[in-house]
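What follows is each chain in one-letter form.
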Amino acid sequence: MNEKFYTLSKEKQDTIINAGFKVFSDNSYKKSPVQQIANEANISKSLLFYYFKDKKELYLFLWNKCAQITYSILDKYKVEDEPFFDALERGLKVKMDMLRKYPKLGNFAIRAYYEKDETVASSIQKLYHKKLEEHSNRIINNLKPEEFKEGLDLKMMYQEIYYASEGYLYEKMKNGKIDPDEIEEEYHKLILFWKGVYQR
């Protein structure tokens, strides 16, 4: 990325970033026209390519920006410091509030995670799993055995909940319905179920 992007005013940077989130959240990577992003940002396509050498670089920049915003919000609310199921509840609320505030960012993140185009898919997964490993390790290391049923494999429990969560979100994305209120209500019920199964 051309570092001159950061010499733009914060307002102009945000305009370009939000234009990217909007167009990429509405379409697959392949079907998202760069010209449309430039139009949304009220700049020329050539100027957009001056800041980002190609479509892939812009897409991965937006993915990193999305991760940065998400984890900074989670860190701000110190979600990982709470008991596990309280952390799930707080994390759910924080993420859904973020989805309500930045709907295009949230939709972009979900669509990008499930993107199949090999131009970007492997890079997205590599970046995602790096962040996920850091986040998961902190959570697993904070788990307190006395809060859970005796003899429970806590790492396996965490993985099971993660995979179930991923499957739930995939179904929502596949059905084209990302409704923060609905997700918050349904996922809250899942958390209550897990508490009944795993908590001491």
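Residues numbered from 1 in each chain as written. Predicted model: local features only at pLDDT ≥ 70, side-chain atom pairs only at ≥ 80, totals over all residues. Heavy atoms only, no water.

*Asks:* Explain the nonpolar core to me, please; I cannot follow it from the model alone.
*Replies:* Nonpolar side chains tend toward joint burial in soluble globular proteins. Ranked by size, the top nonpolar core spans 42 residues in total, and within it Ile16, Leu48 and Phe108 carry the most contacts. Elements supplying a minimum of two residues to this core: helix H1 (10-26), helix H2 (34-41), helix H3 (45-51), helix H4 (55-76), helix H5 (84-101), helix H6 (103-113) and helix H7 (121-142). Counting residues per element, this core draws most heavily on H4, at 11 residues. (Core = buried A, V, L, I, M, F, W, Y, C linked by side-chain atoms within 4.5 Å. Buried < 20%, exposed > 50% of the residue type's maximum accessible area, 1.4 Å probe, protein only. Helix = DSSP H or I, 4+ residues; strand = E, 2+ residues; numbered from the N terminus.)

*Asks:* Would you take a moment to explain unusual backbone geometry for this structure?
*Replies:* With glycine set apart, most residues show a phi of negative sign, and most peptide bonds adopt trans. Even without being a glycine, Asn42 presents a positive backbone phi close to 60°. Relative to the assigned elements, Asn42 resides in the loop between H2 and H3. On the basis of relative accessibility, which here comes to 67%, the residue Asn42 falls in the exposed class.

*Asks:* Honestly, the side chain of Lys172 in this entry has me stumped. Any pointers?
*Replies:* Looking at where Lys172 falls in the secondary structure, it is placed in helix H8 (residues 154-174). Under the relative-accessibility criterion, Lys172 is labelled buried at 13%. There is a polar contact of 2.9 Å between the side chain of Lys172 and the side chain of Glu186. Apart from residues lying up to four places away in sequence, Lys172 is in contact with Lys177, Ile178, Glu182, Ile183 and Glu186. (Polar contact = N/O pair within 3.5 Å; in protein donor to acceptor, adjacent residues only side chain to side chain. Contact = heavy atoms within 4.5 Å.)

*Asks:* Please clarify how the packing of aromatic side chains should be interpreted in this entry.
*Replies:* Between two aromatic rings, the relevant description is the distance of the centres plus the angle of the planes. Taken as a whole and assessed by the stated rule, the structure comprises 23 aromatic pairs. Site record: aromatic cluster; members linked through ring pairs are Phe5, Tyr6, Tyr50, Tyr51, Phe52 and Phe61. Sitting over the face of the ring of Tyr29, Lys55 holds its NZ or CZ atom 4.7 Å from the ring centroid. (Phe/Tyr/Trp six-rings, centres within 6.5 Å; stacked < 30°, edge-to-face > 60°. Lys NZ or Arg CZ within 6 Å of the ring centre and 35° of its normal.)

*Asks:* Can you walk me through H5 in this structure?
*Replies:* In an α-helix, one turn spans 3.6 residues, which is why side chains three or four residues apart end up on the same side. Here H5 is 18 residues long and its end C-alpha atoms lie 25 Å apart, about the 26 Å a rise of 1.5 Å per residue gives. The complete set of buried residues in H5 reads Phe84, Phe85, Ala87, Leu88, Gly91, Leu92, Val94, Met96, Met98 and Leu99. Next to the buried residues of H5 lie H4, H6, H7, H8 and helix H9 (180-198). (Expected span 1.5 Å × (residues − 1).)

*Asks:* What's the story with the packing of H5 against H9 in this structure? I'm lost.
*Replies:* Geometrically, a packed helix pair is captured by the angle between its two axes and the distance between the axes. Closest axis-to-axis distance for the H5/H9 pair is 10 Å, and the angle between their directions is 170°. As far as their axial angle goes, H9 and H5 are roughly antiparallel. On H9, the residues that touch Phe85, Leu88, Glu89, Leu92, Lys93, Met96, Leu99 and Arg100 of H5 are Pro180, Asp181, Ile183, Glu184, Tyr187, His188, Ile191, Trp194, Lys195 and Tyr198. For the contact of H5 with H9, the per-class residue count stands at 11 nonpolar, one polar and six charged. (Axes fitted to C-alpha atoms, helices over the stretch in contact; angles between N-to-C directions. Parallel < 35°, antiparallel > 145°, perpendicular 65-115°, else oblique. Nonpolar A, V, L, I, M, F, W, Y, C, P; charged D, E, K, R; others polar.)

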